[in-house]
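As a plain string of letters, each chain reads:
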Amino acid sequence: MNFLAPLFLTLGAAVGVPLLLHLMRRNIATRVDFPAARYLLRAEAEHSRSLRLRNLLLMLLRVLLILVLALAAAKPFLPGLGVGHGPTAVAIVLDNSISTTAVVGGRAVFDRLRDATRQLIGASTPEDRLWLVTSDGRVRGGSRDALLAELARIAPTEGAGDLALALARAASTVQGSTLPAKSVAVATDAQRTSWTTATRIAPALALLVPSGAPPSNRAVLSAVPEPARWTPRGSLTARVETRDSVGYRIMIGERTLSRGATGRGEPILLRASPPERGWQAGRVELEPDDFPGDDARHFALWIGAAPTVTADASAGSFAATAVSTLIADGRAAPGSTIRVASADAASALPALLTPPADAVRLGAANRELERLGIPWRFGALQRSTVVARGGRVDNISVAERYQLVRAGVGVGDTLATAGGEPWVVAGPGYVLIGSRLDPAATQLPVRAPFVPWLADMLAVRLAAPTGDIGAPIQALPGRPIRLPAGAETLESQAGSRRSITAELMDAPEERGVWFVLRGGRRVGAVVVNAPPEESALERWPAPTLAARLGGVSARSASTNAGWVGDTFAAGTTRPAGTPLLVVALILLAAEALAVRTSRPTAA
Amino acid sequence: MESTRVPRADLFDPAALSALGHFEIVARWIVDGFLSGLHRSPRKGFSVEFADFRPYQPGDDLRYVDWKIAARADRWVVKQYEEETNLRATIILDVSRSMDWKGVSEEPRVTKRAYAEQLTAALALLLLRQRDAVGLIRFDDAVRTSIPPRARSGQWRRLVGALVEPGNGRASDLASALGQAARLVTRRGMVILISDMLVDVEAALPALRGLRAAGHDVNVLHVMDPAERDFTLAGEARYTDPESLLDVPAAAADVRAAYRTTVDHVIAEWKQRLGALGAGYEVILTDQPYAIPLRLAFGARERRG
């Protein structure tokens, strides 16, 4: 038994009053003349037994009445007794991920979840503590009215959120409460992919999964331009999830680049050489369905002239052949803007640099690197065969490599490793590889990814102006992204702008393409798309998910009322104030009845 | 014929009536009101011997209207006749301390003694107007007053004068009073005992039995305050009998029901035991109009006559 106001229990001491009155009856000081006292004496003698019993009954009734009133004033909570529910700490996890925008039964799932949440908040009492946790893990607390106002402002997100995080936060929030009953109420569409990483929580769990099967969904799962910088030719590959044939449209900016129809399991492949130049936003759209959130997928690409490249003899024959191939394919042009050469033979940037063929030239190569401002040096020669990791060169065998040693604090990315050490590094205007482009040093020149890799290095890393982002930054709505140094503004396709406050910041919540501006010039793009997993609307069976998240004691419901009941059923006690007041009234009536038998009746 | 409707004082509340004047005057109002309510003159013996004329009063038998005078003087008079007394009544009035009590009430109330004295005065006047002989014995722990029954004029004033004499003895020696009555009334007559009957039943019954054996009609008017009847007092107190100083602590609310049952038993016991003797017994509450006890006493007198 718990009490909200235990101090009121001290009122119970008042039971001494009727007891005292009962015991002190024979010590009455007041005298009243009453000639018929003999009748009174006779009455007491004749009815002594019933009078004693009646007095005892009255005393007991009054003692009980005082005790019950004291108990009621202390606001007790008793197991199995009472109406309503005991004070409960409730954290409501409201799934507002993009999958809840799916329309089931003519109504978006999110609307139904929000209605249920509103009903749950409305069913709370001032003694309850409530928190509202959305799928992004944000915890909101406050009064019932404040939460209702907050709930009205919540809209579905453009992404998947992190329901596992939200659930964990909800659990830890209620665990921190001092209230005796703790409950986590989850309103979700039970999407399988959303709850895969969630772990079981300790507090009681009440799960609401609205009835109705998820709609048959069509989705654009990916849209990838190849390469990221079109010169100006390129291709776009889109993967579509559909059960039957569906129409699609590919757009660059507001111009339709391609239309067509695709079927189940058929990727969309578009080769094009669009006339646009610079950073462009594009999207792949499908015919709309009951889950419009994934009917379009955004992509960004840079379109421009092919870079002019020359392959120095010092880089080896494989490099020269590959450059020739790229020129022949139109993905590069002959010229001297970009050099592919041995480091000791490089005279300017941008350049793709390899170690010198002769180890004797290693010193000269390092001096040249220093002169060009590249913060890397060739270190010791490693002859053990290792496997490269990273990008297109993944799993490429490396037999001979120079360790790449960091020298200075300049900007530089490690694009691939070998033996756990940097093997391909890049920075402004340079790409440096630790092995010669020779099959004796690495299998890369004789493997299929070599030419595409070289094309990427030329187009993305070297052809872009200094400071530009080679490839667009792929982001999830609201998730952290790292922006290039010096980036000032993010600009949406519609022209709205958002200042960049730090290199590491959260991506915009809205899906689409956001151009990165520096000095008023587009230097890159952030592509915000919902994770493709959100397109898989398959659900967990509600009891299974409830058991998975809350153990065997967890409850699941498909109706609002059931969910509300389950949530507050977590409290093992109920407020017993009202039943006790009813008992007090009954005792009062009994006492009045007992007293009434002594009152005079009308003559 | 001109008649004036006079409010009947016998139906007034006793307390309100007592505030209107001396009980001698009040007694006249009561008797006049009572007689007018009978709708016929209760008087008998008109055929015996002419005595006087008097103005007609509502209720007088029209047979005795002197029509000659009415025709001559346009005035209605009735003829009165001297009549022999045919009843000797003795009123035995308890004036002990227990009678000098009234319960607390929102309505004004008279003490049992005041009520009994007013009733005695009215009853005596009523009987005397019937040409009955009326005597009075007042008693408490001793016989305080003893006036033999007489029917002559001036008897009522004598009785009324005796009523104002002191009493308030600490006990009620009913047996002595009844014995005195037996000695005073040698001829068979009517004995009216007005008392709160807070006496020992076993001690009182032999004396009453003696009166009955002597051929007297015995009527007991048991005067009770409503608070004594229903125990309408409130609160917890030590309830003390002012005569015997018997002291009973009690909570009124707790014992009220039992008390009422006991009083019912007491009344039933008096009624049964007096009935067995052939004596009349009535309980009179001090908030009842005097018409009620008068009617009871008059009824007894009528039955005897």
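Because the structure is predicted, anything quoted here is derived from the model rather than measured.

A word on helix H6 (residues 163-175) of chain A. Residue and element names in this part refer to chain A. Spanning 13 residues, H6 covers 18 Å between terminal C-alpha atoms, matching the ideal 18 Å at 1.5 Å per step. Residues Leu163, Ala166, Leu167, Ala170, Ala171, Thr173 and Val174 constitute the buried set of H6. Viewed end-on, H6 has its buried residues packed into an arc of 165°, placing them on one side of the element.

What follows deals with the packing of helix H4 (residues 109-122) of chain A against helix H11 (residues 560-569) of chain A. The relative placement of two packed helices comes down to the angle between their axes together with the axis-to-axis distance. Residue and element names in this part refer to chain A. Contact geometry of H4 with H11 gives a least axis separation of 9 Å together with a crossing angle of 45°. With respect to each other, H4 and H11 are oriented oblique. The two elements H4 and H11 cross, and the hand of that crossing is right-handed. Contact residues: H4 offers Asp115, Ala116, Gln119 and Leu120, while H11 offers Asn560, Trp563, Val564 and Thr567.

In this section: the sheet that holds strand E18 (residues 296-303) of chain A. Paired through backbone hydrogen bonds, the strands of a sheet run either parallel or antiparallel to each other. Residues and elements named next belong to chain A. Strand order in the open sheet formed by 5 strands is E12-E18-E17-E14-E15, and the pairing between neighbours is mixed. Looking along the sheet, the strands with just one partner apiece sit at the ends: strand E12 (229-230) and strand E15 (255-262). Taken together, the 2 bridges between E12 and E18 define a ladder with parallel strand orientation. By the bridge assignment for E18, Trp230 is matched with Ile303.

All right, on to the interface of chain B and chain A then. With 33 residues of chain B at the interface, the matching set in chain A holds 29 residues. For the side of chain B that touches chain A, the secondary-structure elements that each account for two or more residues are helix H8 (226-230), strand E8 (236-240), strand E9 (247-251) and helix H9 (252-277) of chain B. Among the elements that line the side of chain B that touches chain A, the one with the most residues is H9(B), at 11 residues. The residue makeup of the side of chain B that touches chain A, split by class, is 19 nonpolar, 5 polar and 9 charged. In terms of strand pairing, strand E2 (residues 31-33) of chain A meets E8(B) through 3 bridges, oriented parallel.

Below, the discussion takes up the confidence of the model for chain B. Residue and element names in this part refer to chain B. When the pLDDT values of chain B are averaged, the result is 79; 81% of them are 70 or greater. Per-residue pLDDT stays below 50 along residues 39-47; that stretch engages in 18 contacts with residues further than four places along the chain or on separate chains. As scored by the predictor, the complex reaches a pTM of 0.51 and an ipTM of 0.78.

The next thing to look at is unusual backbone geometry. For residues that are not glycine, phi is negative in most cases, and the peptide bond is trans in most cases. Residues and elements named next belong to chain A. The omega torsion of the bond from Glu226 to Pro227 falls at -10°, within 30 degrees of zero and hence cis. One can find Pro227 in the loop between strand E11 (219-226) and E12. The omega torsion across Thr231 and Pro232 is -20°, close enough to zero to call that bond cis. Note that Pro232 resides in the loop between E12 and strand E13 (234-241). With a phi close to 75°, Asn395 is a non-glycine residue in the positive phi region. Relative to the helices and strands, Asn395 is located in the loop between strand E24 (386-389) and strand E25 (397-398).

Definitions and limits used
- Residues numbered from 1 in each chain as written.
- Chains lettered and ligands numbered in written order.
- Predicted model: local features only at pLDDT ≥ 70, side-chain atom pairs only at ≥ 80, totals over all residues.
- Helix = DSSP H or I, 4+ residues; strand = E, 2+ residues; numbered from the N terminus.
- Expected span 1.5 Å × (residues − 1).
- Buried ≥ 20, exposed ≤ 12 C-beta atoms within 10 Å, placed from the backbone.
- Arc of directions from axis to C-beta.
- Axes fitted to C-alpha atoms, helices over the stretch in contact; angles between N-to-C directions.
- Parallel < 35°, antiparallel > 145°, perpendicular 65-115°, else oblique.
- Left-handed = near helix turned anticlockwise from the far one by under 90°.
- Contact = placed C-beta atoms within 7 Å.
- Pairing = 2+ DSSP bridges.
- Nonpolar A, V, L, I, M, F, W, Y, C, P; charged D, E, K, R; others polar.
- pLDDT = per-residue confidence, 0-100.

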